[in-house]
Amino acid sequence: MAKQGYVNLLHARIPAGTADTAPMVAARADLLSSGVYLPLADALAKVASEHVENGMVIDAGAGTGYYLAHVLDAVPAAYGLALDVSAVALRRAARAHARAGAAVWNLWEPWPVADSSASLILNVFAPRNASQFHRVLTEDGLLVVATPNHGHLRELGDLVISVDGGKDARLEDTLGERFTRVDRREVTQRVTLAPDRIRQVVEMGPSAHHLHRDGRRERLDAITGPVDVTLSFSVTLYRPVS
Ligand SMILES: C[S@@+](CC[C@H](N)C(=O)[O-])C[C@H]1O[C@@H](n2cnc3c(N)ncnc32)[C@H](O)[C@@H]1O
């Protein structure tokens, strides 16, 4: 147990570049604290309050625990577990909510979680391990997946590269035959972001690793005024097939 409050259960080495790095996590935490992504957090909290009364909520690829905390606020009898391979992120997730614990784990390995023990799994822009989702969810549990839509941040062009397009077909392919889609909600809004927020949007994701290409860093540095951008996500709900 680390003094920052998370448990590190990860002994196997993981490929370099898998975990979010300290600068990425710092950028993400700053951006999220500005409230820009609050509509998505609210949408996830609403889904949870409509469908879940208690039990364990697992946030698979929880990052700083921002969305898990919102969901736990909406379901007072539930408790949470943040799983992520980034210890830097989990230092924050461990403090994100009084009813949440946090464990460093590689989602592609069998999870350190009992069968049929979670009433809700959240998966927000993070890897999807369908067989583990299915194993740990209760029979009447709910899987909620948030993905960016095609037009998400389109104004920023190639400054932002998405590794997680929300194409329905791809999402359903990943989940295979273990899950049935029961609902899908779209969260779209236009926001005006100051240059430092634009920088955080770019630096909090994989785009941070590609800024040396095609003059991207220069183009990012050249943004000195506010920019209107589209934020667009899908929140898709699945039930496990028994
Ligand atoms: C785009 S971030 C999203 C974080 C959080 N859900 C949010 O939206 O703020 C993706 C997260 O997945 C984590 N991640 C990537 N590969 C992983 C793996 N194999 N096992 C566990 N976590 C992983 C990263 O460390 C990162 O925190």
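Residues numbered from 1 in each chain as written. Predicted model: local features only at pLDDT ≥ 70, side-chain atom pairs only at ≥ 80, totals over all residues. Heavy atoms only, no water.

As annotated in an unreviewed UniProt entry, the protein carries the name 23S rRNA (Guanine745-N1)-methyltransferase and comes from Amycolatopsis keratiniphila.

Engineer: Honestly, the packing of helix 2 (residues 38-51) against helix 3 (residues 66-74) in this entry has me stumped. Any pointers?
Structural biologist: Axis angle and axis distance: for two packed helices, these are the angle between their axes and the distance between the axes, and together they describe the pair. Between helix 2 and helix 3, the least distance of the axes is 8 Å, while the angle of their chain directions is 40 degrees. Judged by the angle between their axes, helix 2 and helix 3 are oblique. When the axes of helix 2 and helix 3 are compared, the crossing they make is right-handed. Contact residues: helix 2 offers Leu 38, Leu 40, Ala 41, Asp 42, Leu 44, Ala 45, Ala 48 and Ser 49, while helix 3 offers Tyr 66, Tyr 67, His 70, Val 71 and Ala 74. (Axes fitted to C-alpha atoms, helices over the stretch in contact; angles between N-to-C directions. Helix = DSSP H or I, 4+ residues; strand = E, 2+ residues; numbered from the N terminus. Parallel < 35°, antiparallel > 145°, perpendicular 65-115°, else oblique. Left-handed = near helix turned anticlockwise from the far one by under 90°. Contact = heavy atoms within 4.5 Å.)

Engineer: What should I look at first to understand the UniProt feature "binding site: S-adenosyl-L-methionine" (unreviewed entry) in the protein in this one?
Structural biologist: As annotated by UniProt and renumbered to match this structure, "binding site: S-adenosyl-L-methionine" (unreviewed entry) occupies Tyr 37, Thr 64, Gly 65 and His 152. Positionally, Tyr 37 belongs in the loop between helix 1 (22-33) and helix 2. Take Tyr 37: its relative accessible area is 3%, and that puts it in the buried class. With sequence-adjacent residues up to four places away left out, Tyr 37 is seen in contact with Leu 31, Leu 32, Tyr 66, Tyr 67, Phe 125, His 152, Leu 153, Met 204, Leu 231 and Phe 233. As for its position among the elements, Thr 64 is in the loop between strand 2 (54-60) and helix 3. Overall, the relative accessible area of 10% leaves Thr 64 in the buried class. Setting aside anything within four residues of it in sequence, one finds Thr 64 in contact with Val 25, Ala 29, Leu 32, Ala 89, Arg 92, Ala 93 and Ala 96. (UniProt positions renumbered as here; feature names shortened; annotations may be inferred. Buried < 20%, exposed > 50% of the residue type's maximum accessible area, 1.4 Å probe, protein only.)

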